[in-house]
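# Remarks on the overall topology
The primary structure of each chain is shown beneath.
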Amino acid sequence: QVQLVESGGGLVQAGGSLKISCAASGRTFSSAAVGWFRQAPGKERDFVAYSWSGGTYYADSVKGRFTFSRDNAKNTMYLQMNNLKPEDTAVYYCAASSKDYSTTSYTRPNRYEYWGQGTQVTVSS
């Protein structure tokens, strides 16, 4: 089992920055991939970024603005979000997958067994 806890969400003006965190505990060494997703009200959960042994992959909508990083010593991963836009407003979730899939499959929420509770990010215009 892997437990994930997000933190760091909040309210920020458009063009601003925010860094959210995800602390992992439990069998973190068993993760094949870890990812960030977001869900706006009334919408599906969308892929933001994921990290695996081969590198990091970003959704086109955040590429160049968001940066995924990991501190393995602290079992914590981060999402640095710059130049935020109102359309980035959502609940952000971190997730972990213990199974090996093709790399493009990790953009799908159903590839992840473990999820955090989410942290709200609101970008005002």
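Please refer to the structure placed before this passage.
### With respect to the overall build of the chain
Counting secondary structure elements, the chain contains zero helices and 11 strands. Taken from N to C terminus, the helices and strands of the chain fall in the order β-β-β-β-β-β-β-β-β-β-β. Computed over the C-alpha atoms, the radius of gyration of the chain is 14 Å, within 12% of the 14 Å expected from 2.2 N^0.38 for a compact globule of 125 residues. Expressed along its principal axes, the backbone C-alpha trace of the chain runs to roughly 40 × 25 × 25 Å. Across the 125 residues that make up the chain, the buried fraction comes to 40%.

### Topic: the sheet that holds strand β8 (residues 76-81)
Reading across from one edge, β1-β3-β8-β7 is the order of the four strands in this open sheet, with antiparallel pairing throughout. With partners counted over all chains shown, the strands left at the sheet margins are β1 (2-7) and β7 (66-71), one partner each. For this sheet, the mean angle separating the axes of adjacent strands, direction not counted, is 20°. Relative to strand β3 (residues 18-26), β1 runs antiparallel, the two sharing six bridges.

### Looking at the environment of Thr67
Following the sequence through the fold, Thr67 ends up in strand β7. Residue Thr67 is classed as partly exposed on the basis of its relative accessible area of 41%. In this structure, the C-alpha to C-alpha distance between Thr67 and Asn82, residues 15 residues apart in sequence, is 8.4 Å. Residues in contact with Thr67, not counting those within four places in the same chain, are Tyr58, Tyr78, Leu79 and Gln80.

### Quick word on the state of the cysteines
Summed over the entire model, instances satisfying the criterion amount to one disulfide. Residue pairing for Cys22: its cysteine sulfur links by disulfide to Cys94, the two sulfurs lying 2.1 Å apart. Because the torsion about its S-S bond is 65°, the bridge between Cys22 and Cys94 counts as right-handed. With Cys22 in strand β3 and Cys94 in strand β9 (residues 90-97), this residue pair connects regions lying 72 residues apart in the sequence. Accessibility expressed as a relative area gives 0% for Cys94, which makes it buried.

Calculation criteria
- Residues numbered from 1 in each chain as written.
- Predicted model: local features only at pLDDT ≥ 70, side-chain atom pairs only at ≥ 80, totals over all residues.
- Heavy atoms only, no water.
- Helix = DSSP H or I, 4+ residues; strand = E, 2+ residues; numbered from the N terminus.
- Rg over C-alpha atoms; globule rule 2.2 N^0.38 Å.
- Buried < 20%, exposed > 50% of the residue type's maximum accessible area, 1.4 Å probe, protein only.
- Pairing = 2+ DSSP bridges.
- Axes fitted to C-alpha atoms, helices over the stretch in contact; angles between N-to-C directions.
- Contact = heavy atoms within 4.5 Å.
- Disulfide = S-S within 2.5 Å.

All we've got here are geometric facts, nothing functional implied.
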